[in-house]
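Topology and contacts: notes
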Amino acid sequence: MLPPEVRSLLEEMRAERIRGASWLARKGAEAYIVLSELLEGKELENALMEMRREIPAVNRTMASLYNLTRFIPITGDPDRVRTRAEEFIRLGEEAKREIGNIGSELIDENEVVITHSFSSAVLEIFKAAKKKGKRFRVILTESAPDYEGIALARELESLGIPFEVITDAQLGLFAGNATLALVGADSVTRDGAVVNKAGTYLLALACHEGGVPLYVAAESFKLHLELTSEEIEIMERPYARQGYRVRNFLFDVTPWRYVRGVITELGILVPPKEI
């Protein structure tokens, strides 16, 4: 049985609607740190086995949660658990900074970048490009029904990066006004498909039609080297508007052929051969 302090963190992860896979993975690592402060020996081993079931169950679409549980060993030594969890957090932060540095080189002067949903890795690219003195603007969707795009708009406003917000239905209309597309990922499957906020596939199709290169920004712990795109479990969250049930799958799957490259801390990988 997991301690209440850890259960509380898992519930916080389940309740989160705006921040994505990177944030959830970090929060999961923090749960391991808390666990290491409370248990040891056989009790800790049993709890770690339970965590291997509970953390991926928060959102089975996210490779980061699966890979986190494999990064932490099953051991009765709390110091080892804490060390590995802290290392996971450190590597994640370093990866994001490197993705920002690599991805910002794709942004040319006066670039018009279109994006969908909120990706901390994509935001890091925007921050790095701004820091390098590049002038560009962003087209972003409001990303209904949770409106992650509005959260991104606030971040861009604070950075002084020009942007305009569009409704999700206008992705096809505005993709033709962009020169580059950048999105995040919740998972990249071993056959090179990108699992991300529903609407990403539509953006990819519109970019493909208009000749706009689309890149995905994702830390390497978002690569799911065991599952194919057909094996990914896509979550549907109950949703209703004005008394009517509205179908609300949280993610969709974009085939590799619509993706120019996956920006990781290891470099830009070309799916599926380099995944």
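The preceding data block contains the structure.
To start, this report covers the structure provided alongside it. Computed from a prediction, not measured in an experiment: that's the story for all the values here.

1. Considerations on the side chain of Asp186
- Examined against the element boundaries, Asp186 turns out to sit in the loop between β4 (180-183) and β5 (187-189).
- No salt bridge is formed by the buried Asp186. Its closest oppositely charged neighbour is Lys222, at 6.2 Å.
- Discounting residues that sit within four places of it in the chain, Asp186 has contacts with Ala21, Thr61, Met62, Ala63, Ser64, Val195, Asn196, Lys197, Lys222 and Phe251.

2. Details of the sheet that holds strand β6 (residues 194-197)
- With mixed pairing, four strands are arranged side by side in an open sheet as β8-β5-β6-β11. If you trace the sheet from one side to the other, it starts and ends with β8 (223-224) and β11 (251-254), each paired once.
- Pairing between β6 and β11: four bridges, direction antiparallel. Bridge pairing in β11 places Val194 opposite Thr254.
- Helix α9 (residues 200-210) rests against β6 and β11 of the sheet, and its axis sits at about 35° to β11.

3. Topic: the packing of aromatic side chains
- Summed over all chains, the structure comprises four aromatic pairs.
- Measuring from centroid to centroid gives 5.1 Å for Phe88 and Phe221, while their planes differ by 35°, and the two rings are tilted. Here Phe221 lies in the loop between β7 (214-217) and β8 and Phe88 lies in helix α5 (residues 78-104), a separation of 133 residues in the sequence.
- When its relative accessible area of 7% is taken as the criterion, Phe88 is described as buried.
- A relative accessible area of 14% means that Phe221 is categorised as buried.
- Here the aromatic rings of Tyr201 and Tyr258 are separated by 6.3 Å at their centres, their planes lie at 50°, and the arrangement is tilted.

4. What about the pairing of strand β1 (residues 111-115)?
- Burial within β1 is extensive, with five of its five residues counted as buried.
- Taking every second residue as pointing to the same face, both faces of β1 are buried, with Glu111, Val113 and Thr115 on one and Val112 and Ile114 on the other.
- As judged from the five bridges shared by β1 and strand β2 (residues 136-141), these two strands associate in the parallel manner. Paired with Val113 across the bridge in β2 is Val138.

5. A few points about helix α1 (residues 4-15)
- A rise of 1.5 Å per residue sets the reference length of α1, with its twelve residues, at 16 Å; its end C-alpha atoms lie 16 Å apart and thus fit the reference within 8%.
- Buried within α1 are the following residues: Val6, Leu9, Leu10 and Met13. Projection of α1 onto a plane perpendicular to its axis shows the buried side chains occupying an angular sector of 100°, all on one side. Summarising the geometry of α1, the exposed residues directed more than 90 degrees from the buried face are Pro4 and Ala15.

Criteria and thresholds
- Counting from 1, residues in each chain are numbered in the order their sequence is written.
- Owing to the predicted nature of the model, reporting of local features is limited to residues with pLDDT of at least 70; listing and counting of side-chain atom pairs is limited to 80 or more, with chain, interface and lining totals taken over all residues.
- Side-chain measures here rest on the full set of heavy atoms in the structure, leaving out hydrogens and waters.
- Numbering of helices and strands runs from the N terminus, with a helix taken as a DSSP run of H or I at least four residues long and a strand as a DSSP run of E at least two residues long.
- Burial status follows relative accessibility: with a 1.4 Å probe on protein chains alone, a residue under 20% of its type maximum counts as buried, one over 50% as exposed, and anything between as partly exposed.
- The charge count includes Lys and Arg as positive and Asp and Glu as negative, but it does not include His or the ends of the chains.
- One speaks of a salt bridge when a side-chain nitrogen belonging to Lys or Arg is within 4 Å of a carboxyl oxygen belonging to Asp or Glu.
- We call two residues in contact whenever any of their non-hydrogen atoms come within 4.5 Å of each other.
- Here, strands pair whenever DSSP counts at least two bridges between them.
- Under this scheme, a helix contributes an axis fitted over its contacting stretch, all axes are lines through C-alpha atoms, and angles between N-to-C directions fall in the 0 to 180 degree range.
- Note on ring pairs: Phe, Tyr and Trp rings are taken, using the six-membered ring of Trp, and paired if centres are within 6.5 Å. Classes follow the plane angle, with under 30 degrees stacked, over 60 edge-to-face and the rest tilted.
- Helix span is expected to be 1.5 Å times the residue number reduced by one.
- What the arc describes is the spread of directions from the helix axis to the C-beta atoms.

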